[in-house]
Amino acid sequence: MSNGDRLVLALGGAGTVGSGVVKALLDRGFKVAVISRDNSKLENLKEFVSPNTKPNLTTLVGNVGSEEGVLEVKQRLLKAVGRVTDVVSSLGFSWWQGGPPHAQPLKELHWVIETLLYSTFVSWKAFFPLVRDDPNCTYTFITGGAGEKVLMPGTGFLTVGAASALAFCQVLREEYPEVPCKLNQVKINTGVATPERMAPGFLNHLDLGEAVATLVERRNKSHSIFLVSGPADLKTVILEGNL
Ligand SMILES: NC(=O)c1ccc[n+]([C@@H]2O[C@H](COP(=O)([O-])OP(=O)(O)OC[C@H]3O[C@@H](n4cnc5c(N)ncnc54)[C@H](OP(=O)(O)O)[C@@H]3O)[C@@H](O)[C@H]2O)c1
């Protein structure tokens, strides 16, 4: 199956991490579909990708974090694209530093878990069956680290949310050890930004997108965790993805 015959569903594809992945996949000839709750983000994404690849990008407004929402948008997605061969999930948010736990209302913890964990679980439950039984298909989670470099004053709930997403990915690897679909995780222990917002040690989202696109394109590995702690690690991801 050539890249042009593959349709990658990029969950979170309108975000900082996801937009780099979407651009890289389109530049390699993949067809890509992106779901976002916010139409203006989808419009920005259409302006961001290489103009000649725009016809291969399908965008849908929808909420993949609620069970009703995901089923509704799944129907529209399948009607629009026919078949999904790959999923890249980079749902969540970029950063949270709302302060120490004693100063937080429960509502805030709910929001963190909802955005990082519930959306990842609900969308996985809806979309994994589309790719699960095919060794030519892939499902890739992009997560943060938890309690490593990110733990600094006021970021506690970010660590709690990231840890929940990491644990979920581990559970999937252990509960589905034999699944034919290539199930992988890219774990990022540093910041990711667009070129205009780069800081020392951060990953350029375009470079990260290239590395993730390599993993999806090659589909050589399964049940692997690709650890990225800085820009140099992206070369390792590309090398391992090519092995
Ligand atoms: N940025 C970093 O520095 C960094 C570093 C390490 C790891 N990560 C990880 O990478 C992932 C993505 O981060 P990011 O920086 O790309 O965040 P982001 O820019 O906020 O993008 C996240 C995307 O997730 C989508 N999303 C969340 N809940 C959704 C829902 N219910 N339905 C549909 N879409 C939903 C959002 O879509 P809409 O709001 O458009 O609906 C948004 O576009 C996170 O898991 C994060 O932990 C990020």
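Residues numbered from 1 in each chain as written. Predicted model: local features only at pLDDT ≥ 70, side-chain atom pairs only at ≥ 80, totals over all residues.

In the annotation of an unreviewed UniProt entry, the protein is listed under the name NAD(P)-binding domain-containing protein and assigned to Danionella cerebrum.

(A) Main features of the site of the ligand. Surveying the vicinity of the ligand reveals 29 residues, the closest of which are Gly-15, Arg-37, Gly-65, Gly-92 and Ser-94. Elements with a contribution of two residues or more to the shell around the ligand: helix 1 (16–27), strand 2 (31–36), helix 4 (106–131) and strand 5 (138–144). A class-by-class count of the residues in the shell around the ligand yields eleven nonpolar, 15 polar and three charged. (Near = placed C-beta within 6 Å. Helix = DSSP H or I, 4+ residues; strand = E, 2+ residues; numbered from the N terminus. Nonpolar A, V, L, I, M, F, W, Y, C, P; charged D, E, K, R; others polar.)

(B) Structural view of the nonpolar core. Grouped together as the largest cluster of nonpolar side chains are 64 residues, with contacts concentrated most on Val-8, Ala-10, Val-21, Val-22, Leu-25, Val-32 and Val-212. The element contributing the most residues to this core is helix 4, with eight residues. Apart from the residues within four sequence positions on either side, Val-212 is in contact with Val-21, Ala-24, Val-88, Thr-140, Ile-142 and Val-186. (Core = buried A, V, L, I, M, F, W, Y, C linked by C-beta atoms within 7 Å. Buried ≥ 20, exposed ≤ 12 C-beta atoms within 10 Å, placed from the backbone. Contact = placed C-beta atoms within 7 Å.)

(C) Geometry of the sheet that holds strand 2. Taken in spatial order, the seven strands make up an open sheet running 3-2-1-4-5-6-9, and their pairing is parallel. Both outer strands of the open sheet, strand 3 (57–61) and strand 9 (225–228), are each paired with one neighbouring strand and no more. Neighbour-to-neighbour, the strand axes of this sheet turn through a mean angle of 15 degrees, independent of strand direction. As defined by bridge partners, strand 6 (residues 182–188) adjoins strand 9 across four bridges and the pair is classed as parallel. (Pairing = 2+ DSSP bridges. Axes fitted to C-alpha atoms, helices over the stretch in contact; angles between N-to-C directions.)

(D) View of the packing of helix 4 against helix 5 (residues 156–175). Interhelical geometry of helix 4 versus helix 5 gives an angle of 20 degrees and a closest axis separation of 9 Å. Taken together, helix 4 and helix 5 sit at an angle that is classed as roughly parallel. Relative to helix 5, helix 4 is oriented so that their crossing is right-handed. Counted together, Glu-108, Leu-109, Val-112, Ile-113, Leu-116, Leu-117, Thr-120 and Phe-121 of helix 4 and Phe-157, Val-160, Gly-161, Ala-162, Ser-164, Ala-165 and Phe-168 of helix 5 form the full contact between these two elements. A breakdown of the residues in the contact of helix 4 with helix 5 according to their chemical character gives eleven nonpolar, three polar and one charged. (Parallel < 35°, antiparallel > 145°, perpendicular 65-115°, else oblique. Left-handed = near helix turned anticlockwise from the far one by under 90°.)

(E) Seen up close, helix 7 (residues 231–242). Helix length check: helix 7, at twelve residues, gives a terminal C-alpha distance of 18 Å against a target of 16 Å (1.5 Å per residue), a fit within 8%. Looking only at helix 7, the buried set comprises Leu-234, Val-237 and Gly-241. On an axial view of helix 7, the arc spanned by its buried residues comes to 55 degrees, and they lie on one face. Opposite its buried face, helix 7 presents the exposed residues Ala-232, Lys-235, Leu-239 and Asn-242, each directed more than 90 degrees away. Where helix 7 is buried, its residues touch strand 6, strand 8 (203–204), helix 6 (205–218) and strand 9. (Expected span 1.5 Å × (residues − 1). Arc of directions from axis to C-beta.)

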